[in-house]
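# Chain and residue survey
What follows is the residue order along each chain.
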Amino acid sequence: MSDHILVVEDDPKLAQFMEIELRLEGYEVTVAQNGFDGLIIARDRQPDLLILDWMLPGISGLDVCLRLRSTGVEVPIILLTAKDEVPDRVTGLNAGADDYVTKPFSMEELLARVKARLRRTRPDDPNTLQFEDLTLNRLTREVYRENQLIELTAKEFDLLEFLLRNPRQVMTREQILEQVWGYDFMGESNIIEVYIRALRIKMEVNQLKRLLHTVRGVGYVLREYA
């Protein structure tokens, strides 16, 4: 599966140029032309990387970055800007950007930054997901908590894998149903609650601390010990 990159850039020609070049490199690309749309897409689509212009109509790129980080979204962000002073770079990085590219830039430089940033976000073993003392292996379909094997059903495993792929991000019921059960699911309305309860029982055996939390009225999140 190709990495998904979200480009938020209000200059149509530059946005189209970046989209074409990124697609030629094999990436899946989505383009937004203002900060508000970029914020919504970043939260809903959960791209693998975000290329974000600082100066955007409506919500600035800096504000988009701050809002994403404040809600726990950890997508790597490369900030594009004409601001080249050291204080500006510091401001961008303090807002949560992972990298900084000054306009005008060469596409070769941007592609190199994209590849480097994506490499850093991938675990050494792509088949292993880990959060705190919880480890999941996609190949063996084994789950461990503090080195204790946790026996899960196939759907419990799929649900936990989805949450592990999005740690610290609140997943709505709609997102979970779509990604774990599929668009055409017509089963019980409380199916997610049933599986979350079952996962908690198995993950908290021997009074282990809770990792799977409920955000009332919104959904569920895998986050650090309370």
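Residues numbered from 1 in each chain as written. Predicted model: local features only at pLDDT ≥ 70, side-chain atom pairs only at ≥ 80, totals over all residues. Heavy atoms only, no water.

## Description of the overall build of the protein chain
- Helix and strand content of the protein chain: eight helices and twelve strands.
- If one aligns the C-alpha atoms of the protein chain with their principal axes, the spans along those axes are about 55 × 35 × 35 Å.
- Residue burial in the protein chain is summarised as follows: out of 226 residues, 45% are buried.
- Within the protein chain, contacts between residues at least 6 apart in sequence are counted, and of these 57% link residues at least 24 apart.
- Positive and negative side-chain charges of the protein chain, numbering 29 and 38 respectively, have mean locations separated by a distance of 4 Å. (Helix = DSSP H or I, 4+ residues; strand = E, 2+ residues; numbered from the N terminus. Buried < 20%, exposed > 50% of the residue type's maximum accessible area, 1.4 Å probe, protein only. Contact = heavy atoms within 4.5 Å. Lys, Arg positive; Asp, Glu negative; His and termini not counted. Charge placed at Lys NZ, Arg CZ, Asp CG, Glu CD.)

## A look at the domain arrangement of the protein chain
- Segmentation of the protein chain into domains returns domain 1 (4-121) and domain 2 (128-222).
- Relative to domain 2, the C-alpha centre of domain 1 lies at a distance of 30 Å.
- Taken together, the seven residues of domain 1 in the interface contact five residues of domain 2.
- Carbon and sulfur atoms make up 28% of the surface buried where domain 1 meets domain 2, a total of about 450 Å² over both sides.
- Linking Glu74 and Arg168 is a salt bridge whose minimum nitrogen-to-oxygen distance equals 3.3 Å. (Domains from an automatic or database assignment. Buried area = accessible area lost by both parts, 1.4 Å probe. Salt bridge = Lys/Arg side-chain N within 4 Å of Asp/Glu carboxyl O.)

## A word on helix H2 (residues 35-45)
- Listed as buried for H2 are Gly35, Gly38, Leu39, Ile41 and Ala42.
- Buried residues belonging to H2 abut strand E1 (4-8), strand E2 (28-32) and helix H3 (61-70).
- Where H2 begins, the side chain of Asn34 points an oxygen toward the backbone nitrogen of Phe36, at a separation of 3.2 Å.
- Positive phi shows up at Gln46, right after H2, with a value of about 50°. (Polar contact = N/O pair within 3.5 Å; in protein donor to acceptor, adjacent residues only side chain to side chain.)

## Overview of the sheet that holds strand E12 (residues 219-222)
- Sheet architecture is open: three strands sit in the order E10-E12-E11, paired in antiparallel fashion. Each having just a single partner strand, strand E10 (171-172) and strand E11 (212-215) make up the two edges of the open sheet.
- Here E11 runs beside E12; their pairing, made up of four bridges, is antiparallel. Each residue of the ladder has a partner; that of Leu212, found in E12, is Leu222. (Pairing = 2+ DSSP bridges.)

## Here we look at the pattern of salt bridges
- Under the defined criterion, the tally for this structure stands at 15 salt bridges.
- Between Arg210 and Glu204 there is a salt bridge, and its shortest N-O distance comes to 2.7 Å.
- Here the salt bridges share partners, and the residues they tie into one network are Glu9, Asp53 and Lys103.

## Points about the sheet that holds E1
- Overall, parallel pairing links the five strands, which are arranged E2-E1-E3-E4-E5 in an open sheet. Strand pairing shows two members of the sheet lacking a second neighbour, E2 and strand E5 (99-102), which therefore form its edges. Sheet twist, expressed as the mean angle between neighbouring strand axes with direction ignored, is 20°.
- For strand E4 (residues 77-81) and E5, the ladder comprises four bridges, and the chain directions are parallel. Across the sheet, Leu79 pairs through a bridge with Tyr100, a residue of E5.
- On the sheet, helix H1 (residues 12-24) packs against E1, E2, strand E3 (49-53) and E4 and is oriented at approximately 170° with respect to E2.
- Sitting on the sheet, H3 is in contact with E3 and E4, with an inclination near 145° to E3. (Axes fitted to C-alpha atoms, helices over the stretch in contact; angles between N-to-C directions.)

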